[in-house]
Amino acid sequence: MAKDMTLLWGSGSAPCWRVMIALEEKNLQGYNHKLLSFDKMEHKSQEVLDINPRGQLPSFKHGDNIVNESCAACFYLESQFKSQGNRLIPDSPAEQALTYQRMFEGLVFYEKAAGVIWYEYYTPEEERHDSALKRNKEALATELKLWEGYLKKLGSGSYVAGKTFSLADIIVFPNVAYLFRSGLSAERYPVLGEYYALLKDRPSIKASWPSEWLQDTKGEDTLKDI
């Protein structure tokens, strides 16, 4: 099954990481994969465009089926391999509702984080403004407090949608990991810090940990004042 799958990915991409965690959770190791460089613009290569006309990573193919959006790919893998590996969508309607809610809120979370972490990278120098970055930081701080509250309400040792690891965690954890990698204070956000500590050694997450993070364990200090 996994031999019929191809993943084109970039290290340092939360969307790529989501798909890789999902593949690990469904015991689909052995898939074909190729690491591409964003800095070298390899995500705009013909190899990628043949699968993903947006020229983005991840680009994922299973047989003749192409699913490039990371959340869609995660849903697809759970649907096609429901009885294999770990179940990622609970049966209970209430738990399903919370799982789906947190999954899609996780995309907003990612946007708020990216608005600060990647501000200088994506914004041309002549368009950068301290006031805009300040607004982005305030929006991220508000978002962080929201997620602190979600996790605190669920209780110590919880995942983002309850007591069971789910697709919601696959979407949200890479966001959280990038935040702490970028200097977020676990003392200032202790509940998110506890969640990060709970998941960082999970086998699927360790197996797909961004390769450059293994080489450079220090990280950045972009979020030290958030």
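Note that the coordinates shown come from a computational prediction; the quantities given were computed from them, not determined experimentally.

Asker: So, the UniProt feature "domain: GST C-terminal" (unreviewed entry) in the protein chain: which residues are in play, and what are the values?
Answerer: In the numbering used here, UniProt assigns the feature "domain: GST C-terminal" (unreviewed entry) to residues 92-219. Secondary structure across residues 92-219 divides into 70% helix and 0% strand, with the first and last C-alpha atoms of the span separated by 39 Å.

Asker: So what's going on with the sheet that holds strand β4 (residues 65-66)? Residues and values would help.
Answerer: Read from one edge to the other, the open sheet built from 4 strands follows the order β2-β1-β3-β4, with strand pairing classed as mixed. Whereas interior strands pair on both sides, the edge strands pair on one side only; in this sheet they are β2 (32-35) and β4. As defined by bridge partners, strand β1 (residues 5-9) adjoins strand β3 (residues 59-62) across 4 bridges and the pair is classed as antiparallel. The residue of β3 that forms the bridge with Leu8 is Ser59. Most of the contacts of helix α3 (residues 70-80) go to β3, to which it runs at about 25°, and overall it touches β1, β3 and β4.

Asker: Lay out the domain arrangement of the protein chain with the relevant residues and their values.
Answerer: Taken domain by domain, the protein chain holds domain 1 (2-81) and domain 2 (93-215). The gap between the C-alpha centroids of domain 1 and domain 2 is 21 Å. Contacts between the two partners involve 17 residues from domain 1, matched on the other side by 26 residues from domain 2. Looking only at domain 1, the three residues that lose the most surface to domain 2 are Trp17, Arg18 and Phe75, adding up to 37% of its buried area. The salt bridge partner of Glu25 is Arg202, with a shortest N-O separation of 2.7 Å. Applying the counting criterion to the domain 1 and domain 2 interface returns 8 residue pairs in polar contact (both at pLDDT 80 or more). Elements that contribute at least two residues to the side of domain 1 that touches domain 2 include exactly α1 (14-25) and α3.

Asker: Which residues make up the layout of surface pockets, and what values do they have?
Answerer: The space that makes up the largest pocket amounts to roughly 1,300 Å³. Lining the largest pocket are 43 residues, with Gly12, Ser13, Phe38, Trp118 and Tyr122 sitting closest to its centre. Listed by contribution, the elements that provide at least two residues to the lining of the largest pocket are α1, α3, α4 (93-117), α5 (119-122), α7 (167-181) and α10 (211-215). Element by element, the count of residues in the lining of the largest pocket is highest for α4, at 6 residues. Taken domain by domain, the lining of the largest pocket gets at least three of its residues from each of domain 1 (2-81) and domain 2 (93-215). In terms of lining, the second largest pocket is formed by 13 residues, of which the most central are Pro90, Glu95, Thr164, Phe165 and Ser166. Its residues assigned to classes, the lining of the second largest pocket shows 5 nonpolar, 4 polar and 4 charged.

Asker: Explain the confidence of the model for the protein chain to me, using residue names and the numbers behind them.
Answerer: When pLDDT is averaged along the protein chain, the result is 93; 100% of the residues meet or exceed 70. When pLDDT is averaged over each helix and strand of the protein chain, the minimum, 73, is found for α5 and the maximum, 98, for β4.

Asker: I'd love a proper account of the nonpolar core, names of residues and values included.
Answerer: Of all hydrophobic cores here, the largest spans 67 residues; its most connected members are Trp17, Leu23, Phe60, Leu77, Leu144, Phe173 and Leu179. Counting only elements with at least two residues in this core, the list comes to β1, α1, α3, α4, α6 (130-154), α7 and α8 (190-199). At 11 residues, α7 tops the list of elements feeding residues into this core. Lining this core are residues from two domains, each supplying at least three of them: domain 1 (2-81) and domain 2 (93-215). If we ignore the near neighbours within four places in the chain, the residues touching Phe173 are Trp17, Tyr195, Tyr196, Leu199, Lys200, Ile205 and Trp209.

About the thresholds
- Residues numbered from 1 in each chain as written.
- Predicted model: local features only at pLDDT ≥ 70, side-chain atom pairs only at ≥ 80, totals over all residues.
- Heavy atoms only, no water.
- UniProt positions renumbered as here; feature names shortened; annotations may be inferred.
- Helix = DSSP H or I, 4+ residues; strand = E, 2+ residues; numbered from the N terminus.
- Pairing = 2+ DSSP bridges.
- Contact = heavy atoms within 4.5 Å.
- Axes fitted to C-alpha atoms, helices over the stretch in contact; angles between N-to-C directions.
- Domains from an automatic or database assignment.
- Buried area = accessible area lost by both parts, 1.4 Å probe.
- Salt bridge = Lys/Arg side-chain N within 4 Å of Asp/Glu carboxyl O.
- Polar contact = N/O pair within 3.5 Å; in protein donor to acceptor, adjacent residues only side chain to side chain.
- 1 Å grid on protein atoms, 1.4 Å probe; cavity = no way out; pocket = protein on both sides within 12 Å on 5 of 7 lines; lining within 4 Å.
- Points joined across faces, edges and corners; volume = space filled by probe spheres on them.
- Nonpolar A, V, L, I, M, F, W, Y, C, P; charged D, E, K, R; others polar.
- pLDDT = per-residue confidence, 0-100.
- Core = buried A, V, L, I, M, F, W, Y, C linked by side-chain atoms within 4.5 Å.
- Buried < 20%, exposed > 50% of the residue type's maximum accessible area, 1.4 Å probe, protein only.

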